[in-house]
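Residue-level structure breakdown
Take a look at the letters that make up each chain.
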Amino acid sequence: MGLPWGKPQLGLQMLLLALNCLRPSLSLELVPYTPQITAWDLEGKVTATTFSLEQPRCVFNGLASASDTVWLVVAFSNASRGFQNPETLADIPASPQLLTDGHYMTLPLSLDQLPCDDPMAGSGGVPVLRVGHDHGCHQQPFCNAPLPGPGPYRVKFLLMDTRGSPRAETKWSDPITLHQGKTPGSIDTWPGRRSGSMIVITSVLSSLAGLLLLAFLAASTMRFSSLWWPEEAPEQLRIGSFMGKRYMTHHIPPSEAATLPVGCEPGLEPLPSLSP
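What this report covers is the structure whose coordinates are included nearby.

**A short note on the state of the cysteines**
Per the counting criterion, the structure on display carries one disulfide. Residue pairing for C58: its cysteine sulfur links by disulfide to C116, the two sulfurs lying 1.9 Å apart. Highlighted residues: C58 in the loop between strand 2 (51-54) and strand 3 (69-76) and C116 in the loop between strand 4 (103-110) and strand 5 (128-131), separated in sequence by 58 residues. With relative accessibility at 33%, the residue C58 sits in the partly exposed group.

Given below as structure tokens:
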């Protein structure tokens, strides 16, 4: 007794549907490339909220078309194994899902932005991907927001077509741990733990500061001493001292004045004569 005709057909349809769902994951190409922190000698390659990756130039060469997009997947190290590649654009996880699902996708790049040319030729800068660099995009869908904690994190690059179907992916990176600031109470301020050179430098700077302060006080004292102690006044201006000047008449020159005989001054009567 054979099976009814309808049941084998239903089973075949279910098998085809399962194969169709598994096709993207079965055809996904694994590129032998591991993302890593940039090797350029840069300050701040890893901070408290960001880290800088080298750009995946020529990583998907020969696997991507001109319309494909390279995405960066960021996940907590312990949640990277549970990440499932999205099948459509609507399934792409945004940055807020990092705190709930442990992963998100950001920094979509076209192949034109990742040329195979020399990265330093004519660019004037070091080509890196700075994860967590955008501080003003908390409400945007695929925001490159600052990372919320020290991690550790793992990242990988995912190549997707225009419909959001994955085509190729890289390996997961090694764990990346961000720098952490110290609390004020954990900072050691005891001078005994300082190096000898630091103590010498501190002593020299303190001595120079003291000398500059003394020089400033001396200059200020000399500058304002005339206000505190006035100079001694000249002898001609002292109180109780007077020096007069000789007064000369100018309207009657001495040479032109008439000499009167004695006793004939105006206003006086002539003296009597004693001769007989």
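**Description of the nonpolar core**
Among the nonpolar cores identified, the biggest contains 25 residues, and F51, L53, V131 and L147 are the most heavily contacted of them. Counting only elements with at least two residues in this core, the list comes to strand 2, strand 3, strand 4, strand 5 and strand 6 (153-160). It is strand 6 that contributes the most residues to this core, four residues altogether. The residues contacting L53, other than those within four sequence positions of it, are Q36, I37, T38, L72, V128, L129, V131, V155, F157 and I176. Within the second largest apolar cluster, seven residues are counted, among which are V73, F83, M105 and L158.

**With respect to the sheet that holds strand 7 (residues 166-169)**
Ordered in space as 1-7-6-3-4, the five strands form an open sheet in which the pairing is mixed. Sheet topology places strand 1 (29-30) and strand 4 at the edges, where each strand pairs with a single neighbour. Note that strand 6 and strand 7 share three bridges and pair antiparallel. Residue pairing in the sheet places L158 in a bridge with E169 of strand 7.

**Some points on the packing of aromatic side chains**
Following the criterion strictly, the structure yields three aromatic pairs and no others. Taken together, a centroid distance of 4.9 Å and an interplanar angle of 75 degrees make the contact between W71 and F142 edge-to-face. With a gap of 71 residues between them, W71 in strand 3 and F142 in the loop between strand 5 and strand 6 connect regions that are remote in the sequence. Centre to centre, the rings of F76 and Y153 are 5.2 Å apart; their planes meet at 20 degrees, and the pair counts as stacked.

**Details of the pairing of strand 7**
For a regular strand, side chains alternate in direction, first toward one face of the sheet and then toward the other. Here strand 1 pairs with strand 7 via two bridges, running parallel. In the sheet register, E29 faces strand 7, and the bridge partner there is A168. Turn length for the strand 6-strand 7 hairpin, with the two strands adjacent in sequence and antiparallel, is five residues, and the turn residue G164 shows positive phi of about 95 degrees.

Here is what the cut-offs are and how they apply
Residues numbered from 1 in each chain as written. Predicted model: local features only at pLDDT ≥ 70, side-chain atom pairs only at ≥ 80, totals over all residues. Heavy atoms only, no water. Disulfide = S-S within 2.5 Å. Helix = DSSP H or I, 4+ residues; strand = E, 2+ residues; numbered from the N terminus. Buried < 20%, exposed > 50% of the residue type's maximum accessible area, 1.4 Å probe, protein only. Core = buried A, V, L, I, M, F, W, Y, C linked by side-chain atoms within 4.5 Å. Contact = heavy atoms within 4.5 Å. Pairing = 2+ DSSP bridges. Phe/Tyr/Trp six-rings, centres within 6.5 Å; stacked < 30°, edge-to-face > 60°.

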